[in-house]
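# Structural overview
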Amino acid sequence: MNVLLLGSGGREHALAWKLAQSPLLERLYAAPGNPGIAEHAEIVDIAVNDHRAVIDFCLRHSIGFVVIGPEAPLVAGLADNLRTMGLAVFGPNKVPAQLEGSKGFTKDLCARERIPTAGYVRCESRDGALASLEDFGLPVVIKADGLAAGKGVTVAFTHEEAEGAVHAIFAEPGASVVIEEFLEGEEASLFVLTDGETLVSFGSAQDHKRVGDGDTGPNTGGMGAYSPAPVLTPALEARAIDEIVRPTIAALARMGAPYSGVLYAGLMLTPTGPKLIEYNARFGDPECQVLMMRYTGDLLQLMLAVAKGELAGQPAPTFAARTALTVVMAANGYPGTPETGGAIAGIERAEATGAKVFHAGTRMDGDTLVAAGGRVLSVTALGETAKAAQAAAYAAVDAIDFPTGFSRRDIGWREVARQP
Ligand code: AMP
Ligand code: GLY
């Protein structure tokens, strides 16, 4: 079967690497891709936001399956348009992708279904939002509605900060805001595959959103991750599936908008049980890299079963018992304006240690690999424990020569600290 993979991040490199191991795969194409993805796929020049062009490409190249990596094309309805043409797709349609695309949609669904999440109000006006702040204690969480790439959330510890965040959001015309109660606890991510009816766990992870060591500095797309996340015990995972994920999938099916793909639940493990912080309609980046490092099955076969509504007939996904840990190497300046063009060397040396180096923002400049974005590489290793995986990942990071880049040095610290 010929497959088209859409996206260009470390997540998509990990997916390409795993798809390429499937005996079902004939040819893999990718757009826009990156030099890491190009090791497994033919990179093709199609604009992912031009749905007509994606469909034309699929028809001309006998594509049997399209895997959509990032959220933007899902929220824009690319999966709907491909399905209308009879193509099999991994990723939800536009309406169910609103679980990620609109925080208000998700909060309203949670309220209707009594799904545990932070108390909230949704406001369409600045004055309404400022008045609503009175109803919350401190800290309080202010979120812009709509896709915000992790940058639309403020945890405000003072009234001034909270009002500042509201003013900043309503500086945009047509803005709306969700104001939420602050949840105490540790965060963990749960990944669930579903064809709209059947659902199966695809493992857990913890990521590190702040740019600096000790979880300091501005939020990023993620500076590192590890899987599994033992804080999400089997009992807590079962509760999260029964109380949060399953009712969500059932509600969407009843709305006539069944969810097909991977659903990524960002959870807060509070003293009274798991509560939903947010949903994403795709794999996490860099969480996907650690999940793929541990997954031992045929990814193409499993994704096809999801797309075709045949998940009920599949054996449960199997994972290596070891911990996978990934460290993101970013370009100086990230998450602000990254310094691009800096040379990168030593990837072979890093992989000789047994690690896997996934490309994110890289490109070839002649014969030299250079940085082409904020997050540049995702250096991933396995270990018997989180501590061993951390040591292995940093040994590989240290083999890479990327003078205009940086990484956090403490990825996995929570789990490493818990180990004897
Ligand atoms: P989100 O984009 O909704 O995932 O929010 C980004 C980050 O803000 C989350 O990963 C949490 O660390 C934090 N956050 C969001 N909502 C809450 C909440 N209600 N209580 C505490 N922290 C939150
Ligand atoms: N690493 C967080 C995300 O992919 O949303």
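Everything below is about the structure printed above this text.
Described below are features of the structure shown in this document. (Residues numbered from 1 in each chain as written. Chains lettered and ligands numbered in written order. Predicted model: local features only at pLDDT ≥ 70, side-chain atom pairs only at ≥ 80, totals over all residues. Heavy atoms only, no water.)

### Observations concerning the environment of Gly119
Within the element layout of this structure, Gly119 appears in the loop between helix H6 (103–113) and strand E6 (120–123). The partly exposed category is assigned to Gly119, whose relative accessible area is 29%. Taking the C-alpha atoms as reference, Gly119 lies 8.5 Å from Ile179; in sequence the two are 60 residues apart. Look past the residues within four positions of Gly119 in its chain and what remains in contact with it is Phe136, Ile179, Glu180 and Glu181. (Helix = DSSP H or I, 4+ residues; strand = E, 2+ residues; numbered from the N terminus. Buried < 20%, exposed > 50% of the residue type's maximum accessible area, 1.4 Å probe, protein only. Contact = heavy atoms within 4.5 Å.)

### A closer look at the sheet that holds strand E4 (residues 63–68)
Overall, parallel pairing links the five strands, which are arranged E3-E2-E1-E4-E5 in an open sheet. A single partner strand is all that each edge strand has here, and the edge strands are strand E3 (42–43) and strand E5 (88–90). In the sheet, strand E1 (residues 2–7) pairs with strand E2 (residues 28–32) via five bridges, with the strands oriented parallel. Within the sheet, the bridge partner assigned to Leu4 lies in E2 and is Tyr29. Most of the contacts of helix H1 (residues 10–19) go to E1, to which it runs at about 165 degrees, and overall it touches E1, E2 and E4. The sheet contacts of helix H11 (residues 299–307) involve E1, E4 and E5, and relative to E4 the element is tilted by about 90 degrees. (Pairing = 2+ DSSP bridges. Axes fitted to C-alpha atoms, helices over the stretch in contact; angles between N-to-C directions.)

### Observations regarding the site of ligand 2
Close to ligand 2 lie Asp207, Gly221, Tyr264, Asn280, Arg282, Gly284, Asp285, Pro286 and Glu287. With respect to ligand 2, the side chain of Asp207 contributes an N or O atom lying 2.9 Å from a nitrogen atom. Between Arg282 and ligand 2, the recorded distance is 2.9 Å, taken from a side-chain N or O atom to an oxygen atom. In isolation ligand 2 exposes 200 Å². Once the protein is present, 90% of that is buried. (Near = heavy atom within 4 Å. Polar contact = N/O pair within 3.5 Å; in protein donor to acceptor, adjacent residues only side chain to side chain. Areas by Shrake-Rupley, 256 points an atom, 1.4 Å probe, with all protein chains shown as cover.)

### What to know about the layout of surface pockets
Volume-wise, the second largest pocket comes out at about 210 Å³. Lining the second largest pocket are 17 residues, with Arg83, Asn93, Pro258, Tyr259 and Ser260 positioned closest to its centre. Class assignment for the residues of the lining of the second largest pocket results in ten nonpolar, four polar and three charged. (1 Å grid on protein atoms, 1.4 Å probe; cavity = no way out; pocket = protein on both sides within 12 Å on 5 of 7 lines; lining within 4 Å. Points joined across faces, edges and corners; volume = space filled by probe spheres on them. Nonpolar A, V, L, I, M, F, W, Y, C, P; charged D, E, K, R; others polar.)

### Details of the packing of H6 against helix H9 (residues 234–254)
Between H6 and H9, the least distance of the axes is 10 Å, while the angle of their chain directions is 100 degrees. Taken together, the axes of H6 and H9 lie roughly perpendicular to each other. In contact with Phe105, Leu109 and Glu113 of H6, H9 contributes Pro247, Thr248, Ala251, Leu252 and Arg254. In terms of residue class, the contact of H6 with H9 is made up of five nonpolar, one polar and two charged. (Parallel < 35°, antiparallel > 145°, perpendicular 65-115°, else oblique.)

### Some remarks on the pattern of salt bridges
Under the criterion given, the structure shown has 20 salt bridges. The partner of Arg52 in a salt bridge is Asp56, with the nearest N and O atoms 3.4 Å apart. One end of the pair is Arg52 and the other is Asp56, both in helix H2 (residues 51–60) and four residues apart, which spans about a single turn. Ionic contacts of the salt-bridge type, sharing partners, join the residues Asp215, Arg408, Asp410 and Arg414 into one network. (Salt bridge = Lys/Arg side-chain N within 4 Å of Asp/Glu carboxyl O.)

### Observations concerning the site of ligand 1
Around ligand 1 there are 14 residues in total, and Lys143, Glu180, Leu183, Glu187 and Glu278 lie nearest to it. Contact distances for ligand 1 include 2.8 Å between a nitrogen atom and a backbone N or O atom of Leu183. Protein coverage of the free-state accessible area of ligand 1, which is 470 Å², stands at 90%. Elements with a minimum of two residues in the shell around ligand 1: strand E7 (140–144), strand E9 (177–181) and strand E16 (273–280).

### Section: H9
Here H9 contains 21 residues, and its C-alpha end-to-end distance of 28 Å stays within 8% of the 30 Å for a straight helix at 1.5 Å per residue. Residue Ile241 marks the point of greatest curvature in H9, where the axis turns by about 40 degrees. Buried-residue contacts for H9 involve helix H5 (98–101), H6, strand E10 (186–194), strand E11 (199–207), strand E15 (261–270) and E16. One or two residues past the end of H9 sits Gly256, with phi positive at roughly 80 degrees. (Expected span 1.5 Å × (residues − 1). Bend = angle between axes of the 7 residues up to and from the residue.)

### So, the packing of aromatic side chains
Enumeration according to the criterion identifies ten aromatic pairs in this entry. Plain terms: the ring middles of Trp17 and Phe358 are 5.4 Å apart, the flat faces sit at 70 degrees to each other, and that makes the pair edge-to-face. You can see Trp17 sitting in helix H1 and its partner Phe358 sitting in strand E19 (residues 356–359), a full 341 residues away along the chain. Relative to Phe283, the ring of Phe202 has its centre 5.8 Å away and its plane inclined at 55 degrees; by these criteria the two rings are tilted. Here Phe202, found in strand E11, pairs with Phe283, found in the loop between E16 and helix H10 (287–294); they are 81 residues apart in sequence, far enough to count as distant. Aromatic ring contacts, followed pair by pair, group Phe90, Phe191, Phe202, Tyr264, Phe283, Tyr295 and Phe319 into a single cluster. Over the face of the ring belonging to Trp17 we find Lys18, whose NZ or CZ atom lies 5.4 Å from the ring centre. (Phe/Tyr/Trp six-rings, centres within 6.5 Å; stacked < 30°, edge-to-face > 60°. Lys NZ or Arg CZ within 6 Å of the ring centre and 35° of its normal.)

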